[in-house]
Structures are given as C-alpha cells and as structure tokens.
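Residue-level structural notes
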Amino acid sequence: MLVLSRKLGQRFEVGQDIRVTIVKIDRNQVRIGIEAPGGLSIRREEIVVADRELEAMVETEIVDALGPAH
C-alpha cells in the first residue's frame, strides 16, 4: 500500500485518467474529490462489502430454492 501525505488543495494522480484532490480536512474526516472517466465505477468500501454480502445471500437463497438436485 502506498501512503501519501497531502495538504488541503493538493492533488495526486492514479494512472493517467484519475486525479484525486484533498478538498476538506476536519479532525476525523478528510473529504476528497475524484476526477475520473465517466465509465469508471468509484464506490466506497462499505458499499462494495454490502453488495457482496447481498449477492452471497441471494445466491444461497437461489441454491436452497432449487433443492439438492441442482
């Protein structure tokens, strides 16, 4: 993992198409702005985890509904 120190207003780039800007710094929170191509999905980790858990639950329910023959 790369760890960077940035000050308010400073930026860094990820590849050639993604730019991250430090927009606001509070005590326990940093707000960032992300400039990226429109087709790129940017999601918070807690959303990704929740989606994976939901997909696993749905898959389990489908398998259970189909029964042991499938």
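Here we come to the overall build of the protein chain. Regarding its fold elements, the protein chain presents 1 helix and 3 strands. Beginning at the N terminus, the succession of helices and strands in the protein chain can be written as β-β-β-α. Over its C-alpha atoms the protein chain spans a radius of gyration of 19 Å, topping by over 25% the 11 Å that the globule rule assigns to 70 residues. The burial tally for the protein chain puts 6% of its 70 residues in the buried class. In the protein chain, 2% of the contacts between residues at least 6 apart in sequence involve partners at least 24 apart. If you sum the accessible surface of the protein chain, you get close to 6,600 Å²; carbon and sulfur atoms cover 53% of it. Here the protein chain contributes 10 positive and 12 negative side-chain charges, whose respective centroids are spaced 16 Å apart.

Before going further, it helps to spend a moment on the pattern of salt bridges. Within this structure, the stated rule accounts for 4 salt bridges. The partner of E13 in a salt bridge is R19, with the nearest N and O atoms 3.7 Å apart. We classify E13 as exposed; its relative accessible area is 52%. On the accessibility criterion, R19 (31% relative accessible area) is partly exposed. A salt bridge links E46 to R44; the shortest N-O distance between them is 2.6 Å. For E46, a relative accessible area of 47% translates into the label partly exposed.

Moving on, we come to the sheet that holds strand β2 (residues 18-25). A sheet is described by the order of its strands in space; here 3 strands give the open sequence β1-β2-β3, paired in antiparallel fashion. Looking at which strands have only one partner, the edges of the open sheet turn out to be β1 (11-14) and β3 (30-35). Going from strand to strand, the sheet's axes swing by 30° on average, the running direction of each strand aside. Examined bridge by bridge, β2 and β3 share 6 bridges and lie antiparallel to one another. The residue of β3 that forms the bridge with I22 is I32.

To continue, consider the environment of R6. Turning to its location among the elements, R6 is positioned in the segment before β1. Judged by its relative accessible area of 37%, R6 is partly exposed. Residues R6 and D51, 45 residues apart in the sequence, show an inter-C-alpha distance of 31 Å. Once residues within four sequence positions are removed from consideration, R6 is found in contact with R11, F12 and I22. Of note is the side chain of R6, whose polar atom sits 3.4 Å from the backbone oxygen of R11.

Conventions adopted
Residues numbered from 1 in each chain as written. Predicted model: local features only at pLDDT ≥ 70, side-chain atom pairs only at ≥ 80, totals over all residues. Heavy atoms only, no water. Helix = DSSP H or I, 4+ residues; strand = E, 2+ residues; numbered from the N terminus. Rg over C-alpha atoms; globule rule 2.2 N^0.38 Å. Buried < 20%, exposed > 50% of the residue type's maximum accessible area, 1.4 Å probe, protein only. Contact = heavy atoms within 4.5 Å. Areas by Shrake-Rupley, 256 points an atom, 1.4 Å probe, with all protein chains shown as cover. Lys, Arg positive; Asp, Glu negative; His and termini not counted. Charge placed at Lys NZ, Arg CZ, Asp CG, Glu CD. Salt bridge = Lys/Arg side-chain N within 4 Å of Asp/Glu carboxyl O. Pairing = 2+ DSSP bridges. Axes fitted to C-alpha atoms, helices over the stretch in contact; angles between N-to-C directions. Polar contact = N/O pair within 3.5 Å; in protein donor to acceptor, adjacent residues only side chain to side chain.

Such coordinate-based values are descriptive only and should not be taken to indicate function.
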